[in-house]
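This is what each chain is made of:
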Amino acid sequence: MNRWLDGLKQLRDYPSALAGLAIITFLVALSVYTVIAIPYGTAIERWRGGEHWQRNPVNAGPVWANRLLGGDLPATQTVDSQGAERTVEPFPGGRRISMPLSLDFQAGDFPSELSVFLQADFEERQPFVRLTWQRPDGERIPLGSYKIGAEERIALSQDRALQRRLGAPAHVGLFAEDPTAAEPTVQTGTHQLIVDAIVFEEDADVSADLVAYGQVHGLAGTDHQRRSLMLALLWGTPIALAFGLIATVGTTITTLIIAAAGVWFGGWVDAIIQRLTEINMILPLLPVLVMVGTLYSTNIWLILAVVVALGIFSAGIKTYRAMLLPIREAPYIEAARAYGAGNGRIVFRYMIPRILPVLLPTFVTLIPTYVFLEASLAVLGLGDPSLPTWGKLLNAAQEQSALYHGFLYWVLEPAALLMLTGLGFAMLGFALDRVFNPRLRSV
Amino acid sequence: MTATNTLARNLGRLSLFLGKRVLALLVTITIGVYLTIWIANMGGKVDEIRELQIRTSVAQEVRNNPANNDLPPNERNQLIQERVQNEIQRLGLDEPFIYRSGDYLARAMSLRLGRAQNMSSDAGSRQVYAIIGERLPATLLLFGTANLIVFFLAVGAALRLSRRYGSRLDRTVIGLAPSSAAPGWFYGIFLILIFAFIWPMLPAGGMVRVPPPDNDWAYALSVAKHMVLPVAAMVVSQIFIAIYSWRTFFLIHSSEDYVEMARAKGLPERLIERRYILRPTLLPIVTNFLLMLIGLWSGAIILEQVFNWPGLGTLLFQAIGQRDTPVIIGGVVIFAYLLAVTVFLLDILYAILDPRVRGGPK
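None of these values were measured; they are calculated from a predicted model.

Conventions we followed
- Residues numbered from 1 in each chain as written.
- Chains lettered and ligands numbered in written order.
- Predicted model: local features only at pLDDT ≥ 70, side-chain atom pairs only at ≥ 80, totals over all residues.
- Heavy atoms only, no water.
- Domains from an automatic or database assignment.
- Buried < 20%, exposed > 50% of the residue type's maximum accessible area, 1.4 Å probe, protein only.
- Helix = DSSP H or I, 4+ residues; strand = E, 2+ residues; numbered from the N terminus.
- Contact = heavy atoms within 4.5 Å.
- Patch = residues over 30% accessible without salt bridge, like charges linked within 9 Å, V, L, I, M, F, W, Y side chains within 5 Å.
- Areas by Shrake-Rupley, 256 points an atom, 1.4 Å probe, with all protein chains shown as cover.
- Salt bridge = Lys/Arg side-chain N within 4 Å of Asp/Glu carboxyl O.
- Lys, Arg positive; Asp, Glu negative; His and termini not counted.
- Charge placed at Lys NZ, Arg CZ, Asp CG, Glu CD.
- Axes fitted to C-alpha atoms, helices over the stretch in contact; angles between N-to-C directions.
- Left-handed = near helix turned anticlockwise from the far one by under 90°.
- Nonpolar A, V, L, I, M, F, W, Y, C, P; charged D, E, K, R; others polar.
- Buried area = accessible area lost by both parts, 1.4 Å probe.
- Polar contact = N/O pair within 3.5 Å; in protein donor to acceptor, adjacent residues only side chain to side chain.
- Expected span 1.5 Å × (residues − 1).
- Pairing = 2+ DSSP bridges.
- Phe/Tyr/Trp six-rings, centres within 6.5 Å; stacked < 30°, edge-to-face > 60°.
- Lys NZ or Arg CZ within 6 Å of the ring centre and 35° of its normal.

1. Brief notes about the domain arrangement of chain A
Logical step 1: Here the domain parsing of chain A yields domain 1 (2-47 + 227-440) and domain 2 (71-213).
Logical step 2: Measuring from the centre of the C-alpha atoms in domain 1 of chain A to the corresponding centre in domain 2 of chain A gives 54 Å.

2. Observations concerning helix 14 (residues 390-399) of chain A
Logical step 1: Burial analysis of helix 14 of chain A places 8 of its 10 residues in the buried class, the great majority of the element.
Logical step 2: All of the buried residues in helix 14 of chain A are Trp390, Gly391, Lys392, Leu393, Leu394, Asn395, Ala396 and Ala397 of chain A.
Logical step 3: Buried-residue contacts for helix 14 of chain A involve helix 3 (40-47), helix 7 (229-265), helix 13 (343-382), helix 15 (402-405) and helix 16 (408-436) of chain A together with helix 7 (184-198) of chain B.
Logical step 4: Directly beyond the C-terminal end of helix 14 of chain A, a positive phi value near 50° is found at serine 401 of chain A.

3. With respect to unusual backbone geometry
Logical step 1: The backbone of asparagine 59 of chain A shows a phi angle near 50°, a positive value even though the residue is not glycine.
Logical step 2: With respect to the secondary-structure elements, asparagine 59 of chain A resides in the loop between helix 3 and helix 4 (63-68).
Logical step 3: The phi dihedral of arginine 323 of chain B falls on the positive side, at around 50°, and the residue is not glycine.
Logical step 4: Structurally, arginine 323 of chain B can be placed in the loop between helix 12 (312-321) and helix 13 (325-353).
Logical step 5: Looking at arginine 323 of chain B, the relative accessible area reads 25%, which means it is partly exposed.

4. Looking at a negative patch on the surface
Logical step 1: A surface patch of negative charge is lined by Asp121, Glu123, Glu124, Glu202 and Asp203 of chain A.
Logical step 2: Following the sequence through the fold, aspartate 203 of chain A ends up in the loop between strand 8 (189-199) and strand 9 (205-213).

5. A short note on the packing of helix 7 of chain A against helix 13 of chain A
Residue and element names in this part refer to chain A.
Logical step 1: Taken N-terminus to C-terminus, the directions of helix 7 and helix 13 make an angle of 145°; their axes are 7 Å apart at the nearest point. For the element pair helix 7 and helix 13, the recorded crossing hand is right-handed.
Logical step 2: Its residues placed into classes, the contact of helix 7 with helix 13 shows 25 nonpolar, 5 polar and 1 charged.

6. Structural notes on the interface of chain B and chain A
Logical step 1: Contacts between chain B and chain A engage 51 residues on the former and 42 residues on the latter.
Logical step 2: Between chain B and chain A the total buried area reaches about 4100 Å² when both faces are included, carbon and sulfur atoms providing 83% of it.
Logical step 3: Here chain B is connected to chain A by 0 salt bridges.
Logical step 4: Joining chain B to chain A, the criterion identifies 3 residue pairs in polar contact (both at pLDDT 80 or more).
Logical step 5: Every element with two or more residues in the side of chain B that touches chain A is listed here: helix 1 (2-40), helix 7, helix 8 (216-254), helix 11 (300-307), helix 12 and helix 13 of chain B.
Logical step 6: Residue composition of the side of chain B that touches chain A, grouped by class: 39 nonpolar, 10 polar and 2 charged.

7. Observations concerning the pattern of salt bridges
Residues and elements named next belong to chain A.
Logical step 1: Inspection of the entire model under this criterion finds 17 salt bridges over all chains.
Logical step 2: Between arginine 275 and glutamate 278 there is a salt bridge; the shortest N-O distance is 3.1 Å. Taken as a pair, arginine 275 and glutamate 278 lie in helix 8 (residues 267-282) at a separation of 3 residues, close to a single helical turn.
Logical step 3: Residue lysine 318 is joined to glutamate 278 by a salt bridge in which the shortest nitrogen-to-oxygen separation is 3.2 Å. Remark: glutamate 278 occurs in helix 8 and lysine 318 occurs in helix 11 (residues 316-328); sequence separation between them is 40 residues.
Logical step 4: Residue lysine 318 is classed as partly exposed on the basis of its relative accessible area of 31%.
Logical step 5: Assessed through its relative accessible area of 11%, glutamate 278 is described here as buried.

8. Notes on helix 2 (residues 15-37) of chain A
Residue and element names in this part refer to chain A.
Logical step 1: Between the first and last C-alpha of helix 2 there are 32 Å, a value that for 23 residues agrees with the 33 Å anticipated at 1.5 Å per step.
Logical step 2: When we look at burial in helix 2, the residues that qualify are Ala17, Gly20, Ile23, Ile24, Leu27, Leu30, Ser31 and Thr34.
Logical step 3: Those residues of helix 2 that are buried lie in contact with helix 7 and helix 16.

9. Some points on the sheet that holds strand 7 (residues 151-155) of chain A
Within a sheet, adjacent strands bond to each other through the backbone by hydrogen bonds, running parallel or antiparallel.
All names here are of chain A.
Logical step 1: Taken together, the 4 strands give an open sheet; going across it, the order is 1-9-4-7, and neighbouring strands pair in antiparallel fashion. Looking at the sheet topology across the chains shown, the edges are occupied by strand 1 (77-80) and strand 7. The sheet shows a mean angle of 15° between the axes of neighbouring strands, direction not considered.
Logical step 2: Alignment of strand 4 (residues 113-121) against strand 9, held across 9 bridges, turns out to be antiparallel. The residue bridging valine 116 from the neighbouring strand is leucine 210, located in strand 9.

10. Brief notes about the packing of aromatic side chains
Logical step 1: This structure, assessed with the given rule, holds 18 aromatic pairs over all chains.
Logical step 2: A centroid spacing of 6.1 Å and a plane angle of 85° characterise the contact between phenylalanine 186 of chain B and tyrosine 187 of chain B, whose relative ring orientation is edge-to-face.
Logical step 3: Judged by its relative accessible area of 1%, phenylalanine 186 of chain B falls in the buried class.
Logical step 4: Given a relative accessible area of 12%, tyrosine 187 of chain B falls into the buried group.
Logical step 5: On the numbers, 6.2 Å between centres and 25° between planes, the contact of tryptophan 246 of chain B with phenylalanine 250 of chain B is stacked. Linking tryptophan 246 of chain B with phenylalanine 250 of chain B, this pair stays in helix 8, spanning 4 residues, or about one helical turn.
Logical step 6: One aromatic cluster is present, built from ring pairs that chain together Phe372 of chain A together with Trp185, Phe186, Tyr187 and Phe190 of chain B.
Logical step 7: The ring of phenylalanine 117 of chain A has arginine 55 of chain A sitting right over it, with the charged end atom 4.4 Å from the ring centre.

In structure tokens:
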């Protein structure tokens, strides 16, 4: 035990080990936060897409990246009717509710889309809504009239008639100084959407949200289905760590026990283990995984099981065997036999603990290998169908030709997290290697 | 007299040892290939899919034939049924999978790879040999180049660094070793991003310009240009860890007593390096080199996919996607045989060069 503590204390002398530990701590904290903040079921439900994301823009980059590069692209702005001044005029048979939604728009470019979300609370007769746009210079543009249901989304940018009238799609036409110019410029200032609703019932009410979709959005940006990349970046962390850790533990520990048993019992046990290892070496791991993924299922736990199963009789057995062979002949083992220790006791209490310190570095450096293996499968399109992972973001980016369209954030964000994971574990592992590997310490 | 006796005894022991190894290797390959056959056929399920395909295509054919228009429906159905039966019998699909898997195994082991189910080579051949033969050079060219560069660069650099152990350069290279945690395709994405999109100076993927140039020189130049990024990706991802491990290896061996002895004698550094460090470590170096050459295609699937390189990895990926079992099994069998031959050659080499092994395993 002392040997372990001593070794860990020595780690303090290696700045790279401390940096690695810091990165790993960060990733673990991020995973814990993610799992608590967004429960598994919710994450999968949301990642399926749809309703939840309809107020996000399509393919918008992260806000901070744009600001860092000195850009002033608009971020998503939402104005709701709660804070608006409502004027209510009753008339026989109903009421007229008028609410101006003020949008203070200061960005250097146009929004990517413009939508109004209307919610109506009524019993039978649908309310009637008229929308008018008022620009900072006072010009008023009627947008149209609608009979609305309980939940309504009015996509102004997709309104062809309005586009013909303005000479450009609504998100450009309403915000431009001169919409028909070759390169229209933005009219900054306070734009207003005036919502005039007519309700026909005593308790009926209408509320409205104006969403000016940004060209940049949030901390991580969004994908082609309006989903926030943040969800996949966050949830990718616990999945990657769990996959890497389980695969590493599953393969190294079983491999070690089998190697130790083979060395201790020798004879036909050893021979069978050796042959199984050789057979396993012939099966190429990645192609077999691709086959399993294509032919059976891409469920991440099945893939994990196959990785562990194929990893049990891995080439590592040969290395461990070479390390264990001299230990078998060590005097302390003979002493153990002399006092009557059983086979199990010798293998588990005397042989395996002896080489554990040497294996710890390998163990740590193996984790990112499996993290990247999972990402590789996802990039090949064999990621788990329902889970949001880093590899699946890369795959989606590749399928949507993100690089070609210039959506660099889509590739760089998951890649940065993958790299961080790889570096964190590798830096710690290499430092551990220098501390615990006696052959390296002597040189 | 005694010398020849010893030689004869040694040769006898060697051939016995090698004979045993060949047998063991053959058994190993057979089991490995058999497992692959089971996985690639989904334990027989692929054949059910094939049967369904045959049924649909035969039915289509019979219906589209105008000569069959006048047949009453049940006669027509009978005709379809008959043809389907013929086709199934012709392909041997009526036997249970367990028998057929034995047949597949025998054919695979004797390297009769047969015809692909629905893939064909670019030249139009359905022979598995032709399909694999067309893709193999592309993979060999790409991965061979990258691995040779990594190997020689790493061994050379490691020798130098182990001489200047602890210098700033040494520490820098060691500090960079963790970068190898990421595989080649990962760096490939960055290289494509930088050199194909931000500063478009190199092609993002493929093997040769479209349309391919007529002139041989232009063709070679175009291929070389397309190789730069994938080769760079592989070199970047492997070089530092390779230098690190070779350097450790040389450091351990250069602190052996006989090397210290040679230093004490005052032999020149170059001579020590060649005769006292490299000579005894030659075996592990050669082993590593050969295994690396064999292992080169195992990571090919994803790198070739990222760079759109028309090699074995892409072929295997397509074959798996199209459930073309003969091509999948062909690829695995060839890989298994190459691995076995390499291991066998290494056994001979060890037996000849290493006196400890020459006596045969205890």
